[in-house]
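Coordinate analysis (summary)
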2 protein chains.
Amino acid sequence: MSLTQSFIAVAPDSDFPLQNLPYGVFQPQGAAARVGVAIGEQVLDLAALEAAGVLQAGSEPVFNQASLNAFIALGRPVWQQVRARLQQLLSADCAELRDNADLRAKAFYLQADVAMLLPIEVPGYTDFYSSKEHAYNVGCMFRDPKNALMQNWSELPIGYNGRASSVVVSGTDLVRPSGQIKLPNEERPVFSACRKLDFELETGFIVGKATALGEPIAIEEAENHIFGMVLLNDWSARDIQQWEYVPLGPFNSKTFGTSISPWVVTLEALEPFRCASPVQEPQPLPYLRENTPNNYDIKLQVAIAADGSETVISNTNFKYMYWSMMQQLTHHTIAGCNVRVGDLMGSGTISGPDKDSRGSLLELTWNTTEPLTLVNGEQRGFLQDGDTLIMRGHCEQDGLRIGFGEVRGTVLPAKTFAWQQD
Amino acid sequence: MSLTQSFIAVAPDSDFPLQNLPYGVFQPQGAAARVGVAIGEQVLDLAALEAAGVLQAGSEPVFNQASLNAFIALGRPVWQQVRARLQQLLSADCAELRDNADLRAKAFYLQADVAMLLPIEVPGYTDFYSSKEHAYNVGCMFRDPKNALMQNWSELPIGYNGRASSVVVSGTDLVRPSGQIKLPNEERPVFSACRKLDFELETGFIVGKATALGEPIAIEEAENHIFGMVLLNDWSARDIQQWEYVPLGPFNSKTFGTSISPWVVTLEALEPFRCASPVQEPQPLPYLRENTPNNYDIKLQVAIAADGSETVISNTNFKYMYWSMMQQLTHHTIAGCNVRVGDLMGSGTISGPDKDSRGSLLELTWNTTEPLTLVNGEQRGFLQDGDTLIMRGHCEQDGLRIGFGEVRGTVLPAKTFAWQQD
């Protein structure tokens, strides 16, 4: 397969060739935030193209803004048209932008020189629980290997409402949360900094088309409501979670922060990597039945950086997911819940079948009973202050690499409170 | 006690005397939405006062908008100053508005002539579970009277993230939700219209002051972050809930709609009705300990209207709540979660100690085993299509009545789906 090249240099191992063009929001030094696409090591400023009359998405400008929402709201035909136009403008054999030195000077930035901001204004955040391996592992640890999966898990994509306000972009440091934890030998909970701080390797998809209250999305239509995907770290305080989550689900153990990657990779860019989901047994009820393969082959990796050295701790793949994004979205709306443009829907922790393809420290260390050894010789059960957690993802096949870049965050020490004794 | 009167007539049983002045967003016929306060049977148009230069909240206009958020964001000192100014302008002995016929003609509408809209743009919705009687009743039904309350319930205000997109204003009809339910004698779930559609009598408070990620609100500060309260109906599909809610909490059983009253009653207006909470045993951990009475004596009533006749089915009081709004808000942020102006925080179902003071049909009918009889002779286990559910609330003491008006919604029949057989 011979791929169209850009006049912008793209290294063979770059996540961002001409075939990707993920969207993000960036801020050059001393200037306002605007929308761009990644190409190689550069960002193409879509607001600059729009202002120059070279790119038009709708009747009003949509790129000179601090979120992608206005652009996304224009709908799939416009996403496709803008993508085609950008691929044309950036291709090596198109002179329009390539030979316009003035516009090139205005429209390209090195990614290293700009700040990446949260790409989406997130009106709602939902987190699913759709990896069978993850649900099984957790069920084994906290219940019983014989009844590790609840019956409802196999019938519907279990999900819960997350907290949209604390969704942050990669690079945001996270303060270790504090709260109530219940220690095994204590009668009452204590107030403490979290002692079991974990990550959850997830992806998230961005809703691109709103619905009205009471109007479910049919499974065949669901794809048209999805704009693209990001990497997502669902930071989790396991000790706070275990004490608080019955009967209404996780709350403070999750709401202290959720990190996403700055680049939104479109479903169009991921299309060559579409693949079948695992066989679903029992067959889902009719409203969840799919006629097309709705999964994607996306390699995912997690690393911990500590003391300047990085240790890869997990390699897994999005294709292991049991419930597809389309099934998640359809289920989300089946009782009538409306969705909005920019809604973020997390996949749930992505664990694969192998020990080193698990998507959380809880699973990787089997709740600290099998600690990991980092390249610097240190051991980890859960995350320590100063640790940087990094997630990366990309698709690769026949010389085409479509990547997500990364989502990273560093753990800062917990706050100290006046009444705290530990 | 002799209360200051307004030059606008206010009936003795009105919820909206000069001492209340709740804020809402209304839309006169053929005009844009704007902010108003209720007085007697009228609405005072604050955008009209602002435009006339008679009322100023900040350096920019804030009342000529479709939500209260911009006004609320100005903070407590401004809320107090605007409240004082409005009480002055509306008082019987102040000529400024009373004798300005032109401005009065522009600034007053009959409530019956305008549409009330959702008063708040709700960036986040959280629902708590803070009535001991409710938690106990539910625990008795679904677990065991001996272990009805989980241990964590008495240690922290249990809450979960709700769905902000489906918060609607009173008067919005609700389509009966459909989804997966598990019937007792079936091996697998079936797809069905909800057969156990319920209400939950709640109040909600509106966050008035934002916080940054990682910065908890101290309990003594919590009150300054609360703008006011509304009535809230947390519509619930009990059969969908029972099948889906383990282990991550309620989802589709709640996200199909949450109704709130159009008028936001400020904490200032409620101040004369402040009262002590029930004794908390065990004493909460220090971060949740209050030094002031933080509860309010608010009478609450629920009625079902069917075939044009109305039956009161519950009379209860907000003062029964075990966890205060300030404890809820402090707990919400203790692990670092940020809040935003306009966030809605539901109290959880408010049940009192008596059988007829329960806040849901689940409890009132003890899961249909003790059906209610309506004044028209019909029985109800759960809600039927066409039923209108009405909640009302007010405080009353020494001739002063501060009311919330009502929140109402009518149940529409479920959608029919192509594959549905029942």
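Because the structure is a prediction, the values reported are computed rather than measured.

Contacts between the two partners involve 66 residues from chain B, matched on the other side by 66 residues from chain A. In total, chain B and chain A occlude about 6000 Å² of area from one another, counting both sides; carbon and sulfur atoms represent 59% of this. The three residues of chain B that bury the most area against chain A are B:Arg163, B:Leu248 and B:Phe251, which together make up 13% of that side's buried surface. Summed over the shared surface of chain B and chain A, the number is six salt bridges. Here B:Lys415 ties to A:Glu215 by a salt bridge, and the two come within 3.1 Å at their closest N and O atoms. Here chain B and chain A share 25 residue pairs in polar contact (both at pLDDT 80 or more) between them. Where the side of chain B that touches chain A is concerned, the elements lending two or more residues are strand 6 (125-128), strand 7 (159-161), strand 10 (178-181), strand 11 (190-193), helix 7 (238-244) and helix 9 (325-333) of chain B. With three residues, strand 7 of chain B is the single largest residue contributor to the side of chain B that touches chain A. Here the side of chain B that touches chain A is composed, by residue class, of 36 nonpolar, 20 polar and ten charged.

In total, this model carries twelve cavities of 30 Å³ or more according to the counting rule given. The volume enclosed by the largest cavity comes to roughly 110 Å³. Residue lining of the largest cavity: 16 residues in total, with A:Gly162, A:Ala164, B:Tyr125, B:Gly162 and B:Ala164 positioned closest to the centre. Counting residues per element, the ones that place at least two in the lining of the largest cavity are strand 6 (125-128) of chain A together with strand 6 of chain B. A breakdown of the residues in the lining of the largest cavity according to their chemical character gives six nonpolar, eight polar and two charged.

Here the focus is unusual backbone geometry. A cis amide bond, omega 5°, links A:Val246 with the succeeding residue A:Pro247. Within the secondary structure layout, A:Pro247 lies in the loop between helix 7 (238-244) and strand 16 (258-260).

This part takes up the domain arrangement of chain A. Residue and element names in this part refer to chain A. Along its sequence, chain A is organised into domain 1 (23-117) and domain 2 (125-421). Of note, the centres of domain 1 and domain 2, computed from C-alpha atoms alone, are 30 Å apart. Contacts between the two partners involve 18 residues from domain 1, matched on the other side by 17 residues from domain 2. Summed over both sides, the interface of domain 1 with domain 2 buries roughly 1500 Å², with 64% coming from carbon and sulfur. At the junction of domain 1 with domain 2, the criterion picks out one salt bridge. Arg 76 is the salt-bridge partner of Glu 268, the closest N and O atoms lying 3.2 Å from each other. Counting across the interface, domain 1 meets domain 2 through seven residue pairs in polar contact (both at pLDDT 80 or more). Counting residues per element, the ones that place at least two in the side of domain 1 that touches domain 2 are strand 1 (23-27), strand 2 (34-39), helix 2 (69-72), helix 3 (76-90) and strand 5 (115-117). Considering each element in turn, the side of domain 1 that touches domain 2 owes the most residues, four residues, to helix 3. Its residues assigned to classes, the side of domain 1 that touches domain 2 comprises eleven nonpolar, five polar and two charged.

Another point: helix 6 (residues 132-142) of chain A. The complete set of buried residues in helix 6 of chain A reads A:His134, A:Ala135, A:Asn137, A:Val138, A:Gly139, A:Cys140 and A:Met141. Structurally, helix 6 of chain A contributes buried residues whose contacts are with helix 10 (361-364) of chain A.

Now for the sheet that holds strand 2 of chain A. Pairing between sheet strands relies on hydrogen bonds along the backbone, with the strands arranged either parallel or antiparallel. Residue and element names in this part refer to chain A. The strand order 4-3-2-1-5 describes an open sheet built from five strands, whose pairing is antiparallel. With one partner strand each, in any of the chains shown, strand 4 (108-110) and strand 5 form the two edges of the open sheet. When the angles between neighbouring strand axes are averaged without regard to direction, this sheet yields 45°. Alignment of strand 2 against strand 3 (residues 42-45), held across four bridges, turns out to be antiparallel. Across the sheet, the residue bridging to Val 37 is Leu 44, located in strand 3. On the sheet, helix 3 packs against strand 1, strand 2, strand 3 and strand 4 and is oriented at approximately 65° with respect to strand 1.

Structural alignment of chain B on chain A gives an RMSD of 0.0 Å, achieved by rotating through 180° and translating 0.0 Å along the axis. In the structure described here, the two chain copies are related by an operation that fits a two-fold rotation axis. Relative to the rotation axis, the closest C-alpha in chain B is found at B:Gly249, a distance of 2.2 Å. In this assembly, 100% of the residues forming the interface of chain B have copies in chain A that are likewise at the interface, indicating an isologous arrangement.

All names here are of chain B. Relative to the helices and strands, Ile 206 resides in strand 13 (residues 201-207). Judged by relative accessible area, which is 1%, Ile 206 ranks as buried. Along the backbone, Ile 206 and Val 264 are 58 residues apart, and their C-alpha atoms lie at a distance of 8.2 Å.

Think of a pair of aromatic rings as described by two things: how far the centres are apart, and how the planes are tilted against each other in angle. Counted by the stated rule, this structure contains 26 aromatic pairs over all chains. When the centroid spacing of 6.0 Å and the interplanar angle of 90° are considered together, the rings of A:Phe71 and A:Phe227 count as edge-to-face. On the criterion of sequence distance, the pair formed by A:Phe71 in helix 2 and A:Phe227 in strand 14 (residues 226-233) is long-range, its members being 156 residues apart. Relative to B:Tyr322, the ring of B:Trp153 lies with its centre 5.1 Å away and its plane at 50°, an arrangement referred to as tilted. A residue pair is termed long-range when its members are at least 10 positions apart, and B:Trp153 in the loop between helix 6 (132-142) and strand 7 and B:Tyr322 in the loop between strand 21 (309-317) and helix 9 qualify at 169 residues. Classification of B:Trp153 as buried rests on a relative accessible area of 2%. With a relative accessible area of 1%, B:Tyr322 lands in the buried category. Every member of this aromatic cluster is reached through a ring pair, and the members are A:Tyr23, A:Phe63, A:Phe71, A:Trp79 and A:Phe227.

About the thresholds
Residues numbered from 1 in each chain as written. Chains lettered and ligands numbered in written order. Predicted model: local features only at pLDDT ≥ 70, side-chain atom pairs only at ≥ 80, totals over all residues. Heavy atoms only, no water. Contact = heavy atoms within 4.5 Å. Buried area = accessible area lost by both parts, 1.4 Å probe. Salt bridge = Lys/Arg side-chain N within 4 Å of Asp/Glu carboxyl O. Polar contact = N/O pair within 3.5 Å; in protein donor to acceptor, adjacent residues only side chain to side chain. Helix = DSSP H or I, 4+ residues; strand = E, 2+ residues; numbered from the N terminus. Nonpolar A, V, L, I, M, F, W, Y, C, P; charged D, E, K, R; others polar. 1 Å grid on protein atoms, 1.4 Å probe; cavity = no way out; pocket = protein on both sides within 12 Å on 5 of 7 lines; lining within 4 Å. Points joined across faces, edges and corners; volume = space filled by probe spheres on them. Domains from an automatic or database assignment. Buried < 20%, exposed > 50% of the residue type's maximum accessible area, 1.4 Å probe, protein only. Pairing = 2+ DSSP bridges. Axes fitted to C-alpha atoms, helices over the stretch in contact; angles between N-to-C directions. Least-squares fit on C-alpha atoms with pLDDT ≥ 70 in both. Phe/Tyr/Trp six-rings, centres within 6.5 Å; stacked < 30°, edge-to-face > 60°.

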